[in-house]
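Given next are the chains, with one letter for each unit.
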Amino acid sequence: MTKAAELAKMGEVITNSQIGRKNIVINGAMQISQRSASVTGLGAATGYFTLDRWVMVENDASAGRFTMSQSAVTDLAGFSNALKIDCTTVDTSIAAGEVLTITQRIEGLNLQQLKASSTSTKAFTVSYYAKSNASRAIALEIHTTEGTNKQISALHTIGTSWARYSMTVPAASSTELDNDNTEAMQVNLWLHGGSTFTGGTLNTGALAASTNANRAAGIGSIFASTDNTLEITGFQIEVGSQATPFEHRSFGEELALCQRYLVKFTSTGVYQDFALVSCYSTNAGRAIFDMPTDMRANPTFSTSGAFQILGGGTVTGSSFISRHGNVISINLTGSISGTNAPCGILRNNNDADASLTFVAEL
Amino acid sequence: MNITQAKYNTIPNTDTNCSINCTIDGNKVSVPIDPANTDFQAIQEWVAEGNTIDEAD
């Protein structure tokens, strides 16, 4: 690159890009895995399994299965973790509607910086680092999900060493990114797809009304061999037409961003306390949780393992009651009130694996 | 998403429904009545398919 070209590129970045707090993707460096660091036998259902904010999307019951894990990175400067997909069962008969994507669903409130006007978007750039066990084509896709769904894709041939891949999405008109807490955009990495999604011509030119056949044309399949692996990290979406260096955030900052969508309180030993409980009858009480951040929406609540009330007895049921800001109220049933009524402490019942989970994912 | 055994919960000592306890993909969860919650959205689709949420006790 000539000096003049370099200066022109720098000027473009300064004029059109956001300097600081530029990365729209959450957990792009794959640091946070509140649910689990590794889950095997995936592929039968869509869901969030390991790394926060990254959902595995499947469709039409592929026979392919995989392990998803937070892997350790030792050969890419600046990164210590990656999202790793490892094929464990092949799928050699791909039905038309089959899908496997690594996806992040993005909240409209976090996308307003992409707007050029209420009905148009600026140019923006998606970038990530990846490596594979062998050369394999995957598709990177931006897919908007409000109004008329629009999409654009890029075909990337991933090599066996870490490399950075990117796609610039040109400025577009007739786009809709509502300023609310619902999903407005997805970024997808297509690892596997049937003819419904691969049978056309990849749409690489501009955001256009979504045609399924043009979303992932030309990709290979991660399910072609049990030798197949893919690792990604350093995922970034930023305003402007240049992929600038990845924005590293601290572990604490990234965790707080993730906790808008998932909070998991996990035991690290037996009989650990989780919340104060007001025992309003012998068989019911109310636990109040002071959450680390405001969640995106009222969360789905679940428990795993055994719980009891200190001063009472075993907790047998629970249900979501309300949320006011970051305060969440959960009703508990069981042998709630004991010698210390009307107050107690919710704690695990000699179960070091017990956990409480609040989910407000997209 | 496979939903089974859905039942409303009320705010204690009131008749106001506040959440739905159900089994989703084999996991027992309590889903708030919130249109922005994606599990609640899935339950609404499940109801639209002809399924029923049991009333609270």
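Fair warning: this is a prediction, and the values are worked out from it, not measured in the lab.

Parameters at a glance
- Residues numbered from 1 in each chain as written.
- Chains lettered and ligands numbered in written order.
- Predicted model: local features only at pLDDT ≥ 70, side-chain atom pairs only at ≥ 80, totals over all residues.
- Heavy atoms only, no water.
- Pairing = 2+ DSSP bridges.
- Helix = DSSP H or I, 4+ residues; strand = E, 2+ residues; numbered from the N terminus.
- Domains from an automatic or database assignment.
- Contact = heavy atoms within 4.5 Å.
- Buried area = accessible area lost by both parts, 1.4 Å probe.
- Salt bridge = Lys/Arg side-chain N within 4 Å of Asp/Glu carboxyl O.
- Polar contact = N/O pair within 3.5 Å; in protein donor to acceptor, adjacent residues only side chain to side chain.
- Nonpolar A, V, L, I, M, F, W, Y, C, P; charged D, E, K, R; others polar.

Notes on the sheet that holds strand β13 (residues 172–173) of chain A
Two modes of strand pairing occur in sheets, parallel and antiparallel, and in both the strands are linked by backbone hydrogen bonds.
All names here are of chain A.
Here is step 1 of the chain: Spatially, 3 strands are ordered β7-β8-β13 in an open sheet, and the strand pairing comes out antiparallel. The open sheet has two free edges, formed respectively by β7 (115–117) and β13, since each of these has just one partner strand.
Here is step 2 of the chain: With 2 bridges connecting them, β7 and strand β8 (residues 120–121) associate as antiparallel partners. Within β8, the position partnered with S117 by the bridge is S120.

Concerning the domain arrangement of chain A
Residue and element names in this part refer to chain A.
Here is step 1 of the chain: Taken domain by domain, chain A holds domain 1 (3–258) and domain 2 (262–359).
Here is step 2 of the chain: In this structure, domain 1 and domain 2 have C-alpha centres spaced 36 Å apart.
Here is step 3 of the chain: Across the boundary between the two partners, domain 1 contributes 8 residues, which contact 7 residues of domain 2.
Here is step 4 of the chain: When domain 1 packs against domain 2, close to 600 Å² is buried across both sides, 39% of that on carbon and sulfur atoms.
Here is step 5 of the chain: When residues of domain 1 are sorted by the area they lose upon contact with domain 2, Q34, R35 and N181 head the list and together hold 71% of the total.
Here is step 6 of the chain: Taken together, domain 1 and domain 2 are joined by 0 salt bridges.
Here is step 7 of the chain: Connecting domain 1 to domain 2 are 5 residue pairs in polar contact (both at pLDDT 80 or more).
Here is step 8 of the chain: Its residues placed into classes, the side of domain 1 that touches domain 2 shows 2 nonpolar, 3 polar and 3 charged.

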